[in-house]
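As a plain string of letters, each chain reads:
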Amino acid sequence: MFYSLFKIRTKFFIFPSPHSSFILMNLLIKTLRLLAILLPLVFVMACSQDETTTPTPTTPTSDTTVPEVYKKIYGASSITSDGTYITIKTNGVPDHKSPYFASGNSLYIAYSGTTFGGYNFAKNPNSIVEQSAIYKIPLKPQAATIKSATPLGRIGVALNGVPFFNQYAGPNNQELTGEMASFDQFYGHPQQSGVYHYHVEPLHLTQVKSTKSGLMGFLMDGFPVYGPQEENGTTVTNSSLDVYHGHTHATVDFPAGIYHYHFTTAAPYLNGNGYYGTPGTISQ
Ligand SMILES: [Zn+2]
Ligand SMILES: [Zn+2]
């Protein structure tokens, strides 16, 4: 087989001597070997490009840099981007003191004053439990054509890694007023499995880590949450917000303008009739 091929080749090219044809054959074999190595490589490169690039070769591949604004989530253990979603990993434990920590914990503090809504603080039977939550939120949030309701449980993440909950108490979306007395001096409390969370203005952020008009975090649809004031100092009321509890204008973090939610002292406090955009996913 090889011999006959050799013969055909030599005949075809009409080499002057068997010796020179032997050299050429060697060269051919070497070239074929090189091709055998290079071809799969070229194929792999072509495949990976299929997934990430747009038609024009001058367009850069998807950018996985985490924009500065997400780095404000100082309570996260990691924040990454795949170019489409921002992934935020947290353990959910607040960075401030609370009567809901075990009494031996350095963050434990007793409390007996009043809380949100003027209620006298009445501790619920739950305690803070560290537990991982991974929030995957859209990097470029868009208004959803069909809006979806927020569920009970985590609906977003605060800068300190504590989750946001909606305006209802479980089960079956009961009025939140029934559990407001159990909000601690920072307006948070843990639920049955120990997930500490905020339904209303997180005081540690508005008073210590940020300001009344500062960024508080993000809801699962990727839209940011701001405190109860605008940057000019005016207090935000429900009348300046839509039914999802947000509106659009420029903020210091988004100078080009963005839809954003605000905390308000009146119900629904953070979110109204559901997500304005399409929510990402939460895993543990
Ligand atoms: Zn709650
Ligand atoms: Zn605003």
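Scroll up to find the structure this text is about.
Heads up: these notes are all about the structure in this document. Quick caveat, the model's predicted, so the values are computed rather than measured.

### A short note on the overall build of the protein
Summing up its helical and strand segments, the protein has 3 helices and 14 strands in all. Within the span of the protein, comprising 284 residues, buried residues form 30% of the whole. In the protein, once contacts between residues fewer than 6 apart in sequence are set aside, the share between residues at least 24 apart is 63%.

### A word on the nonpolar core
Formed by 41 residues in total, the largest nonpolar core has its most connected members in Val157, Ala158, Phe164, Met216, Leu219 and Val225. Where this core is concerned, the elements lending two or more residues are strand S2 (85–90), strand S3 (133–138), strand S4 (156–158), strand S9 (196–198), strand S10 (215–219), strand S11 (224–226) and strand S13 (258–262). When residues no more than four places from it in sequence are discounted, the contact partners of Ala158 are Phe164, Tyr198, Pro202, Leu205, Met216 and Gly217.

### Focus on the environment of Thr65
Looking at where Thr65 falls in the secondary structure, it is placed in the loop between helix H2 (18–52) and strand S1 (78–81). Taking the C-alpha atoms as reference points, Thr65 and Asp82, 17 residues apart in sequence, are found 8.3 Å from one another.

### Some thoughts on unusual backbone geometry
Cis geometry is adopted by the peptide bond preceding Pro171, which originates at Gly170 and carries an omega value of -10°. In this structure, Pro171 sits in the loop between strand S6 (168–169) and strand S7 (174–175). The linkage connecting Ala267 with the following residue, Pro268, adopts the cis geometry, with an omega of 10°. Mapped onto the elements, Pro268 comes out in the loop between S13 and strand S14 (281–283). Here His245, not a glycine, exhibits a phi torsion of approximately 80°, which is positive. Along the polypeptide, His245 turns up in the loop between S11 and strand S12 (246–249). Taking the C-beta count within 10 Å as the criterion, His245 has 26 such neighbours and is therefore assigned buried.

### Comments concerning the sheet that holds S3
The strand order S1-S2-S3-S14 describes an open sheet built from 4 strands, whose pairing is antiparallel. The sheet terminates laterally at S1 and S14, the two strands that pair on one side only. On average, adjacent strands in this sheet sit at an angle of 15° to one another, irrespective of strand direction. Pairing of S3 with S14, which is carried by 3 bridges, proceeds in the antiparallel orientation. Bridge pairing in S14 links Lys136 to Thr281.

### A closer look at the pairing of S1
Sheet topology note: the S1/S2 ladder contains 4 bridges and is antiparallel. Across the sheet, Ser78 pairs through a bridge with Lys89, a residue of S2.

### Some words on the environment of Lys140
By secondary structure assignment, the location of Lys140 is in the loop between S3 and S4. What makes Lys140 exposed here is the crowd of 10 C-beta atoms within 10 Å. For Lys140 and Gly83, which are 57 residues apart along the polypeptide, the C-alpha to C-alpha distance reads 9.2 Å.

### Things to note about the environment of Ala144
Its place among the elements puts Ala144 in the loop between S3 and S4. For the pair Ala144 and Thr278, spaced 134 residues apart in sequence, the C-alpha to C-alpha distance is 5.4 Å. Among residues more than four places away in sequence, those in contact with Ala144 are Tyr275, Tyr276, Gly277 and Thr278.

Parameters and conventions
Residues numbered from 1 in each chain as written. Chains lettered and ligands numbered in written order. Predicted model: local features only at pLDDT ≥ 70, side-chain atom pairs only at ≥ 80, totals over all residues. Helix = DSSP H or I, 4+ residues; strand = E, 2+ residues; numbered from the N terminus. Buried ≥ 20, exposed ≤ 12 C-beta atoms within 10 Å, placed from the backbone. Contact = placed C-beta atoms within 7 Å. Core = buried A, V, L, I, M, F, W, Y, C linked by C-beta atoms within 7 Å. Pairing = 2+ DSSP bridges. Axes fitted to C-alpha atoms, helices over the stretch in contact; angles between N-to-C directions.

Note that every value here comes from positions in space, so none of it alone points to a role or purpose.
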